[in-house]
Structures are given as structure tokens and as C-alpha cells.
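# Residue-level structure breakdown
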Amino acid sequence: MQRKNCVAMILAGGQGSRLGCLTKLTAKPVVPFGGKYKIIDFTLSNCINSGIDTVGVLTQYQPHELTRYIGSGQPWDLDRYNGGVYILPPYVKGKSGEWYKGTANAIYQNIAFIDSFKPKQVLILSSDHIYLMDYREMLETHRDKQAEATIAVLTVPIEEAGRFGVVAVDASMRVVNFAEKPKKPQSNLISMGIYVFNWDVLKRYLIADEKTEKSSNDIGKNIMPAMLGDGVRLYTHRFHSYWRDVGTIESLWQANMDLLEKPPSLDLYNDKQRVYCRNTILPPHYVSSKARITNSLVSEGCNIHGQVERSVLFPGVSVGKGSRIVNSVVFQNVKIGDGCVIDKAIVGNGAVISGGCTINDPEGASHGGANKYESEFCTNGISLIASEINIGGGVHIPPNSMVETDVY
């Protein structure tokens, strides 16, 4: 293998259960986003845009679609002889083998893979975040500080900080405290789940952690506190642009809506940070003379006869006459009949919504009674319709619903 200065490892094995039926049969990194992309497209594109051409993708939960989607890595210019993209599922080694027990254990099980490139640094990335970042800037910070480990950080409202790893730093931006999802955060500076490590240092801690019986084998919970306790030179790299963890239905919906701001929080039209993807080529979208589209993203192959407002439509969506789609994210090949109202919803691939249906219609008549589709994963009035679901004519779906079976 050709020696590499830096190897990227993308953690893509989590179940993503908070996304409900969107991840019931597929891995979270290939959940659709932004009318054209999959979530993992952002991390893969960031790598190649940063000059990092050797990437390991650690898979585990429902990996088939993710493996098929990445393929040889050609859309991201990662189909290379020296380097490229590698799918790294758990596997049997000798007489034993085990699932990845945590983020640290996942990297530990791939020590031989990383060693084969003899890198100076290893970049650890998550696959469920939406952001555009040049990792070269973080690597430069790491080297300028002569750090042994560097964490990418940003500031959030203090009331949200407890959902993340919370970081405290001194005047030089050296980490003095790290707490993973504390109940009472002492800082609003959070870890983005992006790390640069000197490989020789990380390797040593991974081996020690694997020998620790009660360890959770997690980078945030175990590796970082251990390094901090031993006085490892641990610094931060501040990030000031758009970043969102899309681990819940509400955050996925909100990230799509963010694309419709003027100017958008996330600029998908920046040639210097282009997001690459694998996408089926479809005919141009069609908009009838009576259709109306405002403040929306509409992808190729769509057939619009109704009204679309502040929504994101993936390829191949059809919207019938007199229908109104508002504040919604509609995945690929969804068919929406005439006279429907869909407001503040995510509709899965290939769903069929028959004429006269209402999903979260704020002006519709009250239907009363308990909501049998209510889900803990659907909050703030957002509803989720699973892929390949058929909803019959005239059906009303109330807010905060997750529909996983046909409804007539």
C-alpha cells in the first residue's frame, strides 16, 4: 500500500432508531436529504474536497443499501488503485469475530487496515451530519498546535448542549474538560463528532481501552476522557459554518427546510465545496400552466400540476391537480393524487397518496378521537409516511403520526 499522511474513517454502523420507519430496513447514512442526496454524501464529498483520498466506511446495521450505494466510490472520485473508499463491516478474525461494540471498538477492529497505509494522522468522522467542511484547515490546526488529538467544536445554545459531548477549553483552545452528554452542561461548546488523532497515540489508547472490562468502547465516553486524564495534548478546532445532526425526524425535516432560507444556511451551489452523489438520470421536471411553485427545491423527473410551497421534492414526484404541498419533504417517486393537502410531513420513497387525502391539514375539519398513528419519534406536528405505503382516497392523517402500513 502507498503510504498516506491521513486516512479518514467514517462511522456508519449505527441503527438510527430515532428516525423511525426511515431506518427500519436501511442504514441511516443513506436516508435521503435535500431533494437529491443521501446523508453520507456530505461526509464523502468533504473528504475528496479536502484532498483525502483514502476512506474507510465502517458499516454494521442494515448495510446492504449503503454498500450498494457507495459501490466503487466513482461519484466521489474515490475509485482509486492507491487509496479510494473501502467498506469495512465486522468480520471473523481467526476463530473469533464480533459486532462493533462501540465507536472505539469499531476503529480497534480495523487497526490492521489503518496500519497498512502507515498514516501520521487518522480523521474520525460521523456519517449522519449535514455540513460542508474543508478538513485541511482542521489538520493544519492540529499540526500547528503540535496536538496529539484535535476535536472539531462549535457553539450551540446552552439548553441544547447536553445532547452532545461538551468541551471546556483554556485560552490556547486546549481541552481542559470533556463530558459526553452531561445532564448539566458547563459550557455551550460542543464536539461535532469529528476528530483528528496522531495514529500512534490513538492506536495505543484503543488497545488499552479494549482491555478495560467495563469500558463502553466509545470514543467520546472513554477514549477522550482517558487521554485528557493522561495529559495528552488535546486541542480544539472551531467551526463557524452550518452543521446539523439529523438523528431525529424533526432535525431531518428542519435541515431540509434550512435549504429554503434566503440566503440558505447551507450553500449547495458552492463549486469549491460541491456535494457529489450517485443519482439516476431522469427527464426534466414538468410544471403545468396551473401549477404554482414557491420557495422550494424540485428535482428532475417531477410532474407538478398543483401547488408546492416551501418544500423539497426528490426526483420522480408527481403532484395532482388542486393538491397543495407545504412545509414538506417528499422522497423519490411519490405519487400524490388530485385534491390532496400535505403540510409539515416527510413522505417516504414510492408512497402513493390517493386523491382527497389530508396529512396535517391545518385548515381541515376536526376528525376527533385518538390518533392511532401517534409516535414518540414524530414531534412538533411533523408526520412521517413510510416508503411504499398506499394511502386511500379521502384519508385524514393527523399531526405527529408515523404511518407504516397501508391505510384505506
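What counts and how
- Per-chain numbering applies: the sequence of each chain, read as written, is numbered from 1 onward.
- Per-residue local features of the predicted model are confined to residues with pLDDT of at least 70, and side-chain atom pairs are confined, for both listing and counting, to 80 or more; whole-chain, interface and lining totals are unaffected and use all residues.
- The basis for every side-chain value is the complete set of heavy atoms in the structure, and neither hydrogens nor water enter the calculation.
- Strands pair, by our definition, only if DSSP identifies at least two bridges between them.
- Each helix is a run of DSSP H or I of at least 4 residues and each strand a run of E of at least 2, with the numbering of both proceeding from the N terminus.
- We define the nonpolar core as a collection of buried residues of types Ala, Val, Leu, Ile, Met, Phe, Trp, Tyr and Cys that are connected through side-chain atoms lying within 4.5 Å of one another.
- Buried residues are those whose accessible area, probed at 1.4 Å on protein chains only, stays under 20% of the maximum for their type, while exposed residues exceed 50% and partly exposed ones sit between those limits.
- Under this definition, polar contacts are N or O atom pairs within 3.5 Å; protein pairs additionally need one hydrogen-donor-capable and one acceptor-capable atom, and for neighbouring residues in sequence, both atoms have to be side-chain atoms.
- Each axis is a line fitted through C-alpha atoms, and for a helix only the stretch in contact is used; angles between axes span 0 to 180 degrees, taken between their N-to-C directions.
- Definitions for this section: a left-handed crossing has its near helix turned counterclockwise from the far helix by less than a right angle. A right-handed crossing has that turn clockwise.
- Here, two residues are considered to be in contact whenever any of their heavy atoms come within 4.5 Å of each other.
- In this count, Pro and Cys sit with the nonpolar residues alongside Ala, Val, Leu, Ile, Met, Phe, Trp and Tyr, while Asp, Glu, Lys and Arg are called charged and the others, Gly among them, polar.
- One side-chain nitrogen of Lys or Arg within 4 Å of one carboxyl oxygen of Asp or Glu is enough to make a salt bridge.
- Any two rings among Phe, Tyr and Trp, with Trp reduced to its six-membered ring, count as a pair given centres within 6.5 Å; such a pair is stacked if its planes are under 30 degrees apart, edge-to-face if over 60, and tilted if neither.
- Our definition puts a charge over a ring when NZ of Lys or CZ of Arg is within 6 Å of the ring centre and also within 35 degrees of the ring normal.

## A closer look at the sheet that holds strand 16 (residues 297-298)
Strand order in the open sheet made by the six strands is 16-19-22-25-28-31, with parallel pairing throughout. Among the strands making up the open sheet, the edge pair consists of strand 16 and strand 31 (402-403). Relative to strand 22 (residues 329-330), strand 19 (residues 312-313) runs parallel, the two being bridged by two bridges. The partner of Val312 across the bridge, within strand 22, is Val329.

## Details of the nonpolar core
Grouped together as the largest cluster of nonpolar side chains are 100 residues, with contacts concentrated most on Val57 and Ile194. Judged by nonpolar contacts, the second largest core, of 35 residues, contains Tyr100, Phe197, Tyr205 and Ile219.

## Considerations on the environment of Asp209
Structurally, Asp209 can be placed in helix 6 (residues 199-210). Look at Asp209 and you get buried, because its relative accessible area is 9%. Once the C-alpha coordinates of Asp209 and Ala226 are considered, the two residues, 17 residues apart in sequence, prove to be 8.9 Å apart. Within polar-contact distance, the side chain of Asp209 engages the side chain of Asn217 at 3.0 Å.

## Some thoughts on the packing of helix 6 against helix 7 (residues 219-229)
Two numbers describe how helix 6 lies on helix 7: the axes approach to 10 Å, and their chain directions differ by 115 degrees. Our pair here, helix 6 against helix 7, has a crossing hand that is right-handed. Across the interface between the two elements, Val201, Leu202, Tyr205, Leu206 and Asp209 from helix 6 touch Asn222, Ile223, Ala226 and Met227 from helix 7. Residues of the contact of helix 6 with helix 7, tallied by class, amount to seven nonpolar, one polar and one charged.

## Some words on the pattern of salt bridges
For the coordinates displayed, the defined rule picks out 14 salt bridges. A salt bridge links Lys101 to Glu210, with the shortest nitrogen-to-oxygen separation between them at 3.1 Å. With Lys101 in the loop between strand 5 (84-88) and helix 3 (103-108) and Glu210 in helix 6, this pair connects stretches of sequence that are 109 residues apart. One network of salt bridges, in which partners are shared, links Lys4, Asp53, Asp77 and Arg80.

## Some details on the packing of aromatic side chains
Throughout the structure, instances matching the rule amount to 11 aromatic pairs. On the numbers, 6.4 Å between centres and 85 degrees between planes, the contact of Tyr131 with Phe239 is edge-to-face. Separated by 108 residues along the polypeptide, Tyr131 in strand 7 (residues 129-131) and Phe239 in the loop between strand 12 (234-238) and strand 13 (243-245) bring together distant segments of the chain. Put simply, the rings of Phe33, Tyr37 and Phe42 touch in pairs and so form one group of aromatic residues. It is Lys38 that lies over the ring of Tyr69; its NZ or CZ is 5.8 Å from the centre.

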